[in-house]
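Examination of the molecular architecture
Read off the chains here:
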Amino acid sequence: MVKNYEEWKQAVNTEYHKLREARHYLNEDGIERYRVFDTLMNLSGFCETADELLAWIESKEGFDRFDIACLKSGHASLPIWSLRKIANQK
């Protein structure tokens, strides 16, 4: 389990790269997971803190329908839950 935002970002990045390497072999569910982690990784690049990213995810400001679909995916549940735990540690 990750303990801070930097560890969270690294875990998301690691999962994204693992899926990216195998993307040609993924089924539909795997492709969805790949897109979720791609979206999370991209969004986290614009945010300095877990609070900031969580607020942005909850507001959905500037998100297109693909971003929203990724963030509603079951594959996003655990990473967002973990992000929420980090944000609430203060």
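A brief look at the structure comes next. Since this is a predicted model, take the numbers as computed values, not measurements.

Once that is clear, we can look at unusual backbone geometry. Unlike most non-glycine residues, K60 shows phi in positive territory, near 60°. Position of K60 relative to the elements: it lies in the loop between α3 (50-59) and α4 (65-72).

Before going further, it helps to spend a moment on a nonpolar patch on the surface. A cluster of nonpolar side chains, namely M1, L78 and W81, defines an oily patch on the protein surface of about 400 Å² accessible area. With respect to the secondary-structure elements, L78 resides in helix α5 (residues 74-87).

All chains considered together, the criterion is met by four aromatic pairs. Judged by centre distance (5.4 Å) and plane angle (55°), the ring pair of W56 and F63 falls under tilted. Aromatic ring contacts, followed pair by pair, group F46, W56 and F63 into a single cluster.

Bringing helix α2 (residues 28-44) into the picture now. Relative to the 24 Å expected for 17 residues at 1.5 Å per residue, α2 spans 24 Å between its end C-alpha atoms, a close match to the ideal helical length. Among the structural elements, α1 (5-21), α3, α4 and α5 are those in contact with the buried residues of α2. Capping the start of α2 is the job of one residue whose side-chain oxygen sits 3.1 Å from the backbone nitrogen of D29: N27.

The subject of this paragraph is the nonpolar core. What tends to happen in soluble globular proteins is that the nonpolar side chains get buried as a cluster. Core analysis: the largest hydrophobic core is formed by 24 residues, its most contacted members being Y5, W8, L40, L53, I57 and L83. Mapped onto this core, the elements with two or more residues apiece are α1, α2, α3, α4 and α5. Apart from the residues lying within four places of it in its own chain, the contact partners of L40 are W8, V12, I57, L71, P79 and I80.

To continue, consider the packing of α1 against α2. With their axes 9 Å apart at the nearest point, α1 and α2 run at an angle of 140° to one another. With respect to each other, α1 and α2 are oriented oblique. Helix-helix and strand crossings are classified by hand; for α1 and α2 the assignment is left-handed. Contacts between α1 and α2 involve Y5, W8, K9, V12, N13, E15, Y16, H17, L19 and R20 on the former and, on the latter, R33, Y34, F37, D38, L40, M41 and S44. Its residues assigned to classes, the contact of α1 with α2 comprises nine nonpolar, three polar and five charged.

Criteria and thresholds
- Residue numbers run consecutively from 1 along every chain, following the written order of its sequence.
- It should be noted that, the model being predicted, local features are given only for residues of pLDDT at least 70 and side-chain atom pairs only at 80 or more, the latter also being counted only at that level, while totals for whole chains, interfaces and linings use all residues.
- With hydrogens and water set aside, each side-chain value is computed from the structure's full complement of heavy atoms.
- Secondary structure elements follow DSSP: runs of H or I of four or more residues count as helices, runs of E of two or more count as strands, with numbering from the N terminus.
- Put simply, a patch holds well-exposed residues, over 30% relative accessible area, that have no salt bridge, with like charges counted together within 9 Å and Val, Leu, Ile, Met, Phe, Trp or Tyr side chains within 5 Å.
- Here the Shrake-Rupley method, with its probe set to 1.4 Å, supplies the accessible areas, and only the displayed protein chains count as covering residues.
- One side-chain nitrogen of Lys or Arg within 4 Å of one carboxyl oxygen of Asp or Glu is enough to make a salt bridge.
- Whether two aromatic rings pair depends on their centres lying within 6.5 Å, for rings of Phe, Tyr and Trp, where Trp uses its six-membered ring; planes under 30 degrees apart make the pair stacked, over 60 edge-to-face, and the rest tilted.
- By definition here, a helix of n residues has an expected span of 1.5 Å times n minus one.
- When checking whether two residues touch, look at their non-hydrogen atoms; a contact exists if any pair is within 4.5 Å.
- Distance and chemistry together define a polar contact, namely a pair of N or O atoms within 3.5 Å, with one atom able to donate a hydrogen and the other to accept it when in protein, and with adjacent residues in sequence counting only for side-chain atoms on both sides.
- The criterion is simple. A nonpolar core is a set of buried Ala, Val, Leu, Ile, Met, Phe, Trp, Tyr and Cys residues joined through side-chain atoms within 4.5 Å.
- Any residue under 20% of the maximum accessible area for its type is buried, any over 50% is exposed, and the rest in between are partly exposed; the area is computed with a 1.4 Å probe on protein chains only.
- To define axes, lines are fitted to C-alpha atoms, for helices over the stretch in contact only, and angles between the resulting N-to-C directions are given on a 0 to 180 degree scale.
- Angular relationships are summarised with four words: roughly parallel below 35 degrees, roughly antiparallel beyond 145, roughly perpendicular across 65 to 115, and oblique for the angles in between.
- Each crossing is labelled by how the near helix is turned from the far one, with a counterclockwise turn of less than a right angle marking it left-handed and a clockwise turn marking it right-handed.
- Here the term charged refers only to Asp, Glu, Lys and Arg, the term nonpolar to Ala, Val, Leu, Ile, Met, Phe, Trp, Tyr, Cys and Pro, and the term polar to all other amino acids, Gly among them.

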